[in-house]
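Notes for the structure review
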Amino acid sequence: MKKISFYNKVFLALLVGLVFIFFSFRSRFFEIAKQIEIYNSLFKELNMYYVEEINPAELTDKAIKNTLKGLDPYTNFYTEQDVEKARMFQESEYVGIGASVFYTKEGILLSEIYKGFPADNSGLKTGDLIVSVDGQSLVNLETNQLSSFLKGAANSNFVIKIKRQNRILEKEITREKIILKSVPFAKIIDDDIGYISLVRFSEKASAEVKKTFKKLKKEGMKKLILDLRSNPGGSLMESVKISNFFLPKGKVVINTKAKVKKWSNTYKTRKSPLDAKIPVVVLINESSASASEIVSGSLQDYDRAVIMGQRSFGKGLVQRFRKLPYGTQLKMSISKYYTPSGRCIQELDYSNRDNAGKVLKFSDNIVNEFKTKNGRTVYDGGGILPDVVLKTTAKTEATKKLLESKAIFNFATKYYYQNSKIAEAENFTFKNSEFKNFISYLKTDTTFVTKQEKLFKTAYKSSKEKGIDKEYEKIKEKLLREKIKNVSLNKDILITKIREEIISRYYYKEGVFQHNLKNDTAIKNAFNLLQNDENYKNILSVK
């Protein structure tokens, strides 16, 4: 009887549990259906009876974006055009003119010209503004409209008008297939130290790295600098493959943990490495994210490479595309990833915000300690902390705004047309006197506006008081002086950015790499470390 009583109790408990789950699921399903029905009814009423005509697509797009706004910034709705752009980024292939662009109300501004492609061959320059295509004005068009003008079938021709230094020029361009390299530059430095720059984790990234690595080995490479600075990431699988080039077969590179169990996975190396012993220094900075952090994190956890530079971005979330009707898609965060030692390096805690709505940081609280293979201490939260930290000045808020603006870009354009030639790429310097010219230029640039300046201007415009113009000008001048003072504190960071922007105008991105190979502080430090075997080994040993 006692046994029957026990089993009855277990059965009853299970039954109650199942009933609870059923009704919870049913309640949740009803709530979702209810909210969808409310939105559909509201949408129909607006469409039928609102006094003005409404744009259904625009209204839906805004509603969706507002829905996703409170989540993380990587969870986004993609229109058909957005899906195509994402595909091009992933594959690094598209049909076009071979240039990166800014979409503006005045037209399409060319932000970089790729060497040897149609834009370059047609004589277009960085800073040119395309104002019309085949007679169609581009002024005041929306971004999704502008993005379609440069696309088309391979070998198709079109005529553009560009504005260059207040002159209007006409150019004919033939579209062609553009293939962007994930490894745009690689070279042997001083006999046996190789340098590879990996700028994106496209679907061909591992193949490019493998080919380049083998080529450098044939040329005598015995040590390697792998540059992942400012690499925003990309394919997770490519990061696993590239890690495998330096790690033995069967090693865990990354674990992902998701709400949906089938999306929780362990990714291991599947092949024998290209070289399991070659000394490696990986360069990272605050813009190294996602797949860059998977590679640097796994190599750090296995003490397989010395990580050098600044703390990485801290993106520990994995996204996946989900198909929606009519060619649209939802890209959403489905899991968090963890390095082999167990670290999740996610910096921002999007599920927690303060009273002002600001996202809190995991690194602001207690971070957890983890151990590498050799027993070295590493930490979670807040990106990958390098083994060797290269210090720069802490960016002021004004400098952050400056780097977000087009001020440096505009200054470089002006510099290019005032200087017909400069020194060879590797020998070019941006002098202190020229930095003073840049500071003076900032006083006239309209794209560099701080939060304080914007708020003050808004308050002034909304004020109805008379006779405050003089006071407005005084405060405006004071804010300008304060802004200039704050950006000058980051002279080291700004000179690097300005120098690279100027060099690329004369020698393309290739020139920037050539310059950095000889002059870049991080590359110099990596080179010196690889020349000192004892120091290299000591860094990877338990202290």
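Above this text is the structure in question.
Here the structure is a predicted model, which is why all the values come from computation and not from measurement.

When you go through the protein chain residue by residue, the secondary structure sums to 16 helices and 23 strands. Expressed as a percentage of the 543 residues in the protein chain, the buried residues total 42%. Contacts in the protein chain between residues at least 24 apart in sequence constitute 69% of all its contacts with a sequence separation of at least 6. In the form shown here, the protein chain has an accessible surface area of approximately 31800 Å², with 53% of it arising from carbon and sulfur atoms. Here the protein chain contributes 94 positive and 62 negative side-chain charges, whose respective centroids are spaced 5 Å apart.

Grouped together as the largest cluster of nonpolar side chains are 38 residues, with contacts concentrated most on Leu198, Leu224, Leu228, Ile242, Phe246, Ile254 and Val282. Sorting the residues of this core by element identifies helix 6 (205-218), strand 12 (223-227), helix 7 (236-244), strand 13 (252-258), strand 15 (280-284) and helix 8 (291-301) as the ones contributing at least two each. Leave out the neighbours within four places in its chain, and Val282 touches Leu226, Leu228, Ser296, Leu299, Ala305, Val306, Ile307 and Met308. With 28 residues, the next largest nonpolar core counts Ala398, Ile422, Ile498 and Tyr506 among its residues.

It is worth spelling out the packing of aromatic side chains at this point. Under the criterion given, the structure shown has 16 aromatic pairs. Between Phe185 and Phe513 the ring centres are 5.3 Å apart and the planes differ by 10°, which places this aromatic pair in the stacked class. Placement of Phe185 in strand 10 (residues 185-189) and of Phe513 in helix 14 (residues 491-519) is noted, with a sequence separation of 328 residues between them. Residue classification places Phe513 among the buried residues on the basis of a relative accessible area of 13%. Each residue in the set Phe411, Tyr415, Phe428, Phe430, Phe435, Phe438 and Tyr441 is aromatic and connected to the rest through ring pairs, giving one cluster. The cationic tip of Lys257 hangs over the ring face of Tyr338; the distance from NZ or CZ to the ring centre is 4.6 Å.

A word on the pattern of salt bridges. Taken as a whole and assessed by the stated rule, the structure comprises 23 salt bridges. Residue Glu93 pairs with Lys204 through a salt bridge whose shortest N-O separation is 2.1 Å. Of this pair, Glu93 sits in strand 2 (residues 93-96) while Lys204 is found in the loop between strand 11 (193-197) and helix 6, placing the two residues 111 residues apart along the sequence. In this structure, Asp275 engages Lys217 in a salt bridge whose closest nitrogen and oxygen atoms are separated by 2.7 Å. With Asp275 in the loop between strand 14 (265-268) and strand 15 and Lys217 in helix 6, this pair connects stretches of sequence that are 58 residues apart.

Turning our attention to the pairing of strand 11. Buried residues dominate strand 11, accounting for five of its five residues. Residues Ile193, Tyr195 and Ser197 of strand 11 are buried on one face, and the alternating residues Gly194 and Ile196, pointing to the opposite face, are buried as well. Following strand 10, the chain reverses through three residues before pairing antiparallel with strand 11; Asp190 in that reversal takes a positive phi of roughly 50°. With five bridges connecting them, strand 11 and strand 12 associate as parallel partners. By the bridge assignment for strand 12, Ile193 is matched with Lys223. Once the chain exits strand 11 it traverses helix 6 before rejoining the sheet at strand 12, and the crossover so formed is right-handed.

Before going further, it helps to spend a moment on a positive patch on the surface. On the surface, Lys210, Lys214, Lys218 and Lys271 cluster together into a patch of positive charge. The topology assignment puts Lys214 in helix 6. The class for Lys214 is partly exposed, based on a relative accessible area of 44%.

Right, let's talk about the side chain of Glu434 for a bit. Turning to its location among the elements, Glu434 is positioned in helix 11 (residues 432-442). One buried charged residue, Glu434, forms no salt bridge at all, with the nearest opposite charge on Lys431 at 6.0 Å. In terms of polar contacts, Glu434 uses its side chain to reach the side chain of Tyr415, at 2.9 Å. Those residues in contact with Glu434 that lie beyond four places of it in its chain are Phe411, Tyr415 and Thr429.

Another point: the packing of helix 9 (residues 397-404) against helix 13 (residues 469-488). The geometry of helix 9 relative to helix 13 is characterised by a closest axis approach of 7 Å and an angle of 90° between their N-to-C directions. Classified by the angle their axes make, helix 9 and helix 13 are roughly perpendicular. Here helix 9 contributes Ala398, Thr399 and Leu402 to the contact with helix 13, which in turn contributes Lys483, Asn486 and Val487. The residue makeup of the contact of helix 9 with helix 13, split by class, is three nonpolar, two polar and one charged.

We now examine helix 10 (residues 407-418). The terminal C-alpha atoms of helix 10, which comprises 12 residues, lie 17 Å apart, in line with the 16 Å expected from a rise of 1.5 Å per residue. If you check which residues of helix 10 are buried, you get Ala407, Ile408, Phe409, Phe411, Ala412, Thr413, Tyr415 and Tyr416. As for helix 10, its buried residues are in contact with strand 3 (99-104), strand 4 (107-113), helix 9, helix 11 and helix 14.

On the surface, a cluster of nonpolar side chains totalling about 310 Å² of accessible area is made up of Val367, Tyr379, Leu385 and Val389. Relative to the helices and strands, Val389 resides in strand 23 (residues 388-389). Residue classification places Val389 among the partly exposed positions, given a relative accessible area of 44%.

This brings us to unusual backbone geometry. Even without a glycine there, the phi angle at Gln165 is positive, about 50°. Residue classification places Gln165 among the partly exposed positions, given a relative accessible area of 45%. Positive phi, normally seen in glycine, also occurs at Tyr326, with a value near 60°. For Tyr326, the location among the structural elements is in the loop between strand 17 (317-323) and strand 18 (329-338). Overall, Tyr326 belongs to the exposed group, its relative accessible area being 77%.

Turning next to the packing of helix 6 against helix 7. Packed helix pairs are characterised by how far apart their axes lie and by the angle those axes make with each other. Look at helix 6 against helix 7: their axes get within 8 Å of each other, and the N-to-C directions meet at 20°. One way to sum up the angle between helix 6 and helix 7 is to call them roughly parallel. Between helix 6 and helix 7 lies a crossing of right-handed hand. Residues Ala205, Ser206, Ala207 and Val209 of helix 6 touch helix 7, and the partners they reach there are Glu238, Lys241 and Ile242. Class assignment for the residues of the contact of helix 6 with helix 7 results in four nonpolar, one polar and two charged.

As a further point, take helix 15 (residues 521-531). Buried residues of helix 15: Ala522, Ile523, Ala526, Phe527, Leu529 and Leu530, and no others. All buried residues of helix 15 fall inside an arc of 165° around its axis, so they share one side. Between the side-chain oxygen at the start of helix 15 and the backbone nitrogen of Ala522 there is a gap of 3.1 Å, and the oxygen is on Asp520.

Cut-off values and rules
- Residue numbers here run from 1 along each chain, matching the order of that chain's written sequence.
- Reporting of local features is limited, given that this is a predicted model, to residues whose pLDDT is at least 70; pairs of side-chain atoms are given and counted only at 80 or more, and all residues count toward the totals for whole chains, interfaces and linings.
- In computing side-chain properties, one takes all heavy atoms of the structure into account and sets aside hydrogens as well as water.
- To qualify as a helix, a DSSP run of H or I must reach at least 4 residues; to qualify as a strand, a run of E must reach at least 2; elements of each kind are numbered from the N terminus.
- Whether a residue is buried, partly exposed or exposed follows from its accessible area with a 1.4 Å probe, protein chains only, as a fraction of its type maximum: under 20%, in between, or over 50%, in that order.
- Contacts: residue pairs with any heavy atoms within 4.5 Å of one another.
- Under the convention used here, a 1.4 Å probe and the Shrake-Rupley method define accessible areas, while residue burial counts only the protein chains that appear.
- Charge counting follows a simple rule: Lys and Arg are positive, Asp and Glu are negative, and His as well as the terminal groups are ignored.
- All charge positions are set by atom: Lys at NZ, Arg at CZ, Asp at CG, Glu at CD.
- The criterion is simple. A nonpolar core is a set of buried Ala, Val, Leu, Ile, Met, Phe, Trp, Tyr and Cys residues joined through side-chain atoms within 4.5 Å.
- Ring pairs are drawn from Phe, Tyr and Trp, using the six-membered ring of Trp, whenever the two centres fall within 6.5 Å, and their geometry is named by plane angle: stacked under 30 degrees, edge-to-face over 60, tilted for the rest.
- The rule for a charge over a ring is simple: NZ of Lys or CZ of Arg within 6 Å of the ring centre, and within 35 degrees of the ring normal.
- Any Lys or Arg side-chain nitrogen found within 4 Å of a carboxyl oxygen on Asp or Glu counts as a salt bridge.
- Pairing between strands is defined by DSSP: at least two bridges between them are needed.
- If you view a crossover with the strands going away from you and the path from the first strand over the helix to the second runs clockwise, you call it right-handed.
- Only residues whose relative accessible area exceeds 30% and that form no salt bridge enter a patch; like-charged residues are grouped when within 9 Å of one another, and nonpolar side chains (Val, Leu, Ile, Met, Phe, Trp, Tyr) when within 5 Å.
- Pairs of N or O atoms are called polar contacts if they sit within 3.5 Å, as long as, within protein, a hydrogen donor faces a hydrogen acceptor (for residues adjacent in sequence, only side-chain-to-side-chain pairs).
- All axes are obtained by fitting lines to C-alpha atoms, using only the stretch in contact for helices, and the reported angles, taken between N-to-C directions, cover 0 to 180 degrees.
- Convention used here: angles under 35 degrees read as roughly parallel, angles over 145 as roughly antiparallel, angles from 65 to 115 as roughly perpendicular, and any remaining angle as oblique.
- Three residue categories are used. Nonpolar comprises Ala, Val, Leu, Ile, Met, Phe, Trp, Tyr, Cys and Pro, charged comprises Asp, Glu, Lys and Arg, and polar comprises the others, including Gly.
- One less than the number of residues in a helix, times 1.5 Å, gives the span that helix is expected to have.
- The hand of a helix crossing depends on one turn: near helix anticlockwise from the far one by less than a right angle means left-handed, and clockwise means right-handed.
- It is the directions from the helix axis to the C-beta atoms that the arc portrays.

The values are spatial; any link to function lies outside them.
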